[in-house]
Structure formats: C-alpha cells, structure tokens
Amino acid sequence: MGKLSWKDDSKCLDMDVNIFFDKYEEDVGLRAVIDRMCGSCPVAQECLQWGISHDEWGVWGGIYLELGKKSEEFNEHKTQEVWDELLIQLTHDTGQKYE
C-alpha cells in the first residue's frame, strides 16, 4: 500500500483498524464514536481522498466507502448535523464538495 505520511497526524493512529471495517458495520453504537473522531481529525480530507482514489472499503475520512463510493447502508445513521460537521471538516481550505 505504500507509506501514508498523512496518517501520522491522524486521530486513529495506532488504533485497531477493524473498528473502521467489520466492527463499524456490526456495532451501530460504535459508528457515532467513529463519526465524531473522524469529524475532528486534521487529516480527514487526505484520508477520504485516499479511500476514494484507491477504491477502498470501510471508513475513510468519516465516510463509509464501498469500492471508493459512499455506502448508503453504512452511512444512513448519520444525522444532518453529523453530515454538516463532517463536510465542514472535509472541505476546509479546499472548497471541494463531497456527496
């Protein structure tokens, strides 16, 4: 996969990666915790861009992806407030829009 230098500044550094995949899918309560963490992560933009550009599965930049596309099933729990906070974090300094 190569070195992801941006990951050194991530809030999830050294965390069990399964919480962004299987555990996120299975544990609805965990989803809100992960969403909040990603929503305040300084590298959420880079993370999401990596996930999209590499057709990844799991949570990348606070959005659950399936083959690099937003999963409706695993993002349906997010409230408008969560989306608003996440999108502010993802678009700061870029003006880029994610849908």
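Described below are features of the structure shown in this document. (Residues numbered from 1 in each chain as written. Predicted model: local features only at pLDDT ≥ 70, side-chain atom pairs only at ≥ 80, totals over all residues. Heavy atoms only, no water.)

**Describing the overall build of the chain**
Here is step 1: From N to C terminus, the chain includes 4 helices and 3 strands.
Here is step 2: Helices (α) and strands (β) of the chain occur, in sequence order from the N terminus, as α-α-α-β-β-β-α.
Here is step 3: For the chain, with 99 residues in total, the buried portion stands at 41%.
Here is step 4: Taking contacts inside the chain between residues at least 6 apart in sequence as the whole, the part at least 24 apart equals 50%.
Here is step 5: Accessible surface, the chain: about 6,000 Å² in total, of which carbon and sulfur atoms supply 52%. (Helix = DSSP H or I, 4+ residues; strand = E, 2+ residues; numbered from the N terminus. Buried < 20%, exposed > 50% of the residue type's maximum accessible area, 1.4 Å probe, protein only. Contact = heavy atoms within 4.5 Å. Areas by Shrake-Rupley, 256 points an atom, 1.4 Å probe, with all protein chains shown as cover.)

**Things to note about the packing of helix H3 (residues 44-53) against helix H4 (residues 80-91)**
Here is step 1: Their axes nearest at 7 Å, the elements H3 and H4 cross at an angle of 90°. When the axes of H3 and H4 are compared, the pair comes out roughly perpendicular. Contacts between H3 and H4 involve Ala44, Gln45 and Leu48 from the first element and Gln89, Leu90 and Thr91 from the second.
Here is step 2: For the contact of H3 with H4, a count of residues per class yields 3 nonpolar, 3 polar and no charged. (Axes fitted to C-alpha atoms, helices over the stretch in contact; angles between N-to-C directions. Parallel < 35°, antiparallel > 145°, perpendicular 65-115°, else oblique. Nonpolar A, V, L, I, M, F, W, Y, C, P; charged D, E, K, R; others polar.)

**Some words on the packing of aromatic side chains**
Here is step 1: Taken as a whole and assessed by the stated rule, the structure comprises 2 aromatic pairs.
Here is step 2: On the basis of an interplanar angle of 20° and a centroid distance of 5.7 Å, the ring pair of Tyr24 and Tyr64 is categorised as stacked. In this pair, Tyr24 is assigned in helix H1 (residues 22-26) and Tyr64 in strand E2 (residues 63-66), connecting sequence segments 40 residues apart. Accessibility assignment for this pair places Tyr24 and Tyr64 in one class, buried.
Here is step 3: Between the aromatic rings of Tyr64 and Phe74, the centroid separation amounts to 4.8 Å while the plane-to-plane angle is 50°, which identifies the pairing as tilted. Of this pair, Tyr64 sits in strand E2 while Phe74 sits in the loop between strand E3 (69-70) and H4, and the two are 10 residues apart along the sequence. This pair shows no difference in class: Tyr64 is buried, exactly as Phe74 is.
Here is step 4: Aromatic rings pair up to connect Tyr24, Tyr64 and Phe74 into one cluster.
Here is step 5: Its guanidinium or amino end placed over the ring of Trp83, Lys70 lies 4.9 Å from that ring's centre, counting from NZ or CZ.
Here is step 6: It is Lys78 that lies over the ring of Trp83; its NZ or CZ is 5.3 Å from the centre. (Phe/Tyr/Trp six-rings, centres within 6.5 Å; stacked < 30°, edge-to-face > 60°. Lys NZ or Arg CZ within 6 Å of the ring centre and 35° of its normal.)

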